[in-house]
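# Residue-level structure breakdown
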Amino acid sequence: MQYRNLVRNGFLAIALLALLAGLAGGWERSGWYLPSGSALGLLHGPLLISGLFGTLLGVKRAFAVGQRWAYIAPAVTGIGTLALLAGAPPYVGAGFYVLSAAVLCSVTLFLTLANPTISTGTLLIGAVMWLTGNLLWLINYPLADVEGWWVAFLVLTVAGERLRKIAETSPQRGSDSLIFFAAGLLGAGAQNGLMTDNGAALFGVALIVLNVWFLKYDGARRSMKVAGRPRFAAACILLGSAWLGIAGGAFVALPPGLTPAGHNLALHAVLIGFVLSIGLGHLLIAMPAIDYRRRTYQPMLYLPLVALHGSVAIRAVGDVLESGALRQWSDVLTIVTLVGTVISLAAGTNVLRDRRVREAVAAGT
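Only a predicted model underlies this, so the values are computations on that prediction, with no experimental measurement involved. (Residues numbered from 1 in each chain as written. Predicted model: local features only at pLDDT ≥ 70, side-chain atom pairs only at ≥ 80, totals over all residues. Heavy atoms only, no water.)

On to the packing of helix H4 (residues 72-85) against helix H5 (residues 90-114). Relative orientation of the contacting elements H4 and H5 amounts to 170 degrees, with a least axis distance of 8 Å. In this view, H4 runs roughly antiparallel relative to H5, as classed from their interaxial angle. Where H4 approaches H5, its residues Ile-72, Ala-73, Pro-74, Val-76, Thr-77, Ile-79, Gly-80, Thr-81, Ala-83 and Leu-84 are matched on the opposing element by Pro-90, Val-92, Gly-93, Phe-96, Tyr-97, Leu-99, Ser-100, Val-103 and Leu-104. Looking at the contact of H4 with H5, its residues break down into 14 nonpolar, five polar and no charged. (Axes fitted to C-alpha atoms, helices over the stretch in contact; angles between N-to-C directions. Helix = DSSP H or I, 4+ residues; strand = E, 2+ residues; numbered from the N terminus. Parallel < 35°, antiparallel > 145°, perpendicular 65-115°, else oblique. Contact = heavy atoms within 4.5 Å. Nonpolar A, V, L, I, M, F, W, Y, C, P; charged D, E, K, R; others polar.)

Right, here's the structure in full:
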């Protein structure tokens, strides 16, 4: 058991390292001076998409499968991340990320065959899009042609997880068709490229469709009536889905042929406003699957939530006005978000020593 804990903590440490390095790269691009900042700036996207989310989702999916071989996915992602941070050529990290994505696709296919639902099917489509993006990066496609596949991977992963919750609580007709319609548009937009007007428009419409889907079918509005963790998680979902709609509108109304502001605004609205917001609301449930520690809800979690969305709002205004100062203030609030999240989680942490309790909590029951 100590060995397993060591391995899980190792995955968590690598994900945290990828987060800090990826954010440092983003800060360098915003105008901050950091040692080795220029190198990290070039790896900003890969480290956050694959190094952070790829590792964490790999661990979570491996736990769901319950097979040791499934942990190859986060292990290989970790190796790729460490290689990139050690100064290896990008193709080395990309190669490890491709292998990790291929294993994640196999794990997700295993889950889909065992439980063929719209939820697992959506997760599988998302994993395939991550693999596609990594393959394109490996063969030296520009990051601008790759980012659509990576963003689609995260968006569909969130949608697939929420589909599972909807199916368990209040299944509704019409939900599935909207998801598949949006997934098709995401794929078409990613294929055409987010830096093309056509690709941006297709991708933007997909995000708007998903925004409508969240508002219509997700039970977050009902959960706002329940105090404590349900209300906090619901607030994270509703605020995140709002940014999804804003991102879609930016892609459609401000195509890259007109201005780069819409592209930058949309990407940060999706990756920070949507993905990180919903991830923050899901942390209390997801973290036990990684380190076997139960997190109890703490009202102070609203501090990082407010800081997170404040940073996205300031960043959006900074992108529209092309203001480097506002982008830097957004980075400051991002630091507040990270620190506040760590403190809040630490304040409500309990070690789970009984195996059956650990498994039940990690499964979200």
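Following the structure, the description resumes.
This paragraph deals with a positive patch on the surface. A cluster of basic residues, Lys-216, Arg-221, Arg-222 and Lys-225, forms a positive patch at the surface. The topology assignment puts Lys-225 in the loop between helix H10 (220-223) and helix H11 (229-253). Owing to a relative accessible area of 71%, Lys-225 belongs among the exposed residues under this scheme. (Patch = residues over 30% accessible without salt bridge, like charges linked within 9 Å, V, L, I, M, F, W, Y side chains within 5 Å. Areas by Shrake-Rupley, 256 points an atom, 1.4 Å probe, with all protein chains shown as cover. Salt bridge = Lys/Arg side-chain N within 4 Å of Asp/Glu carboxyl O. Lys, Arg positive; Asp, Glu negative; His and termini not counted. Charge placed at Lys NZ, Arg CZ, Asp CG, Glu CD. Buried < 20%, exposed > 50% of the residue type's maximum accessible area, 1.4 Å probe, protein only.)

Mapped onto the fold, Tyr-97 is located in helix H5. Residue Tyr-97 is classed as buried on the basis of its relative accessible area of 0%. Separated by 18 residues in the primary sequence, Tyr-97 and Ile-79 place their C-alpha atoms 8.8 Å from one another. Residues in contact with Tyr-97, not counting those within four places in the same chain, are Pro-46, Leu-47, Ser-50, Gly-51, Thr-77, Gly-80, Thr-81, Leu-84, Asn-134 and Trp-137.

This brings us to helix H9 (residues 197-217). The end-to-end C-alpha distance of H9, which contains 21 residues, comes to 30 Å, matching closely the 30 Å that a straight helix rising 1.5 Å per residue would cover. Along H9, the residues that are buried comprise Gly-199, Ala-200, Phe-203, Gly-204, Ala-206, Leu-207, Val-209, Leu-210, Asn-211, Trp-213, Phe-214 and Tyr-217. (Expected span 1.5 Å × (residues − 1).)

Overall, the coordinates contain nine aromatic pairs when judged by the stated rule. Where Trp-69 meets Phe-110, the ring centres are 6.3 Å apart and the plane angle is 75 degrees; that geometry is what we call edge-to-face. One end of the pair, Trp-69, is in the loop between helix H3 (44-65) and H4; the other, Phe-110, is in helix H5, with 41 residues separating them in the sequence. On the basis of relative accessibility, which here comes to 38%, the residue Phe-110 falls in the partly exposed class. Where Trp-130 meets Phe-153, the ring centres are 5.0 Å apart and the plane angle is 10 degrees; that geometry is what we call stacked. Residue Trp-130 is found in helix H6 (residues 118-138), and its partner Phe-153 is found in helix H7 (residues 143-169); the two are separated by 23 residues along the sequence. (Phe/Tyr/Trp six-rings, centres within 6.5 Å; stacked < 30°, edge-to-face > 60°.)

Despite not being glycine, Asn-140 shows a phi value in the positive range, around 75 degrees. By the secondary structure assignment, Asn-140 is in the loop between H6 and H7. Residue Glu-322 is not a glycine yet carries a positive backbone phi of 55 degrees. Here Glu-322 is to be found in the loop between helix H14 (302-321) and helix H15 (324-347). Here Glu-322 falls in the exposed class, since its relative accessible area comes to 55%.

Looking now at the packing of H3 against H5. For the pair H3 and H5, the least separation of the axes is 10 Å and the interaxial angle reads 30 degrees. The handedness of the crossing between H3 and H5 is left-handed. Two secondary-structure elements touch here, H3 through Pro-46, Leu-47, Ser-50, Gly-51, Leu-57, Gly-58, Arg-61, Ala-64 and Val-65 and H5 through Tyr-97, Leu-104, Val-107, Thr-108, Phe-110 and Leu-111. Considered class by class, the residues forming the contact of H3 with H5 number 10 nonpolar, four polar and one charged. (Left-handed = near helix turned anticlockwise from the far one by under 90°.)

All quantities given are derived from atomic positions and should not be read as evidence of function.
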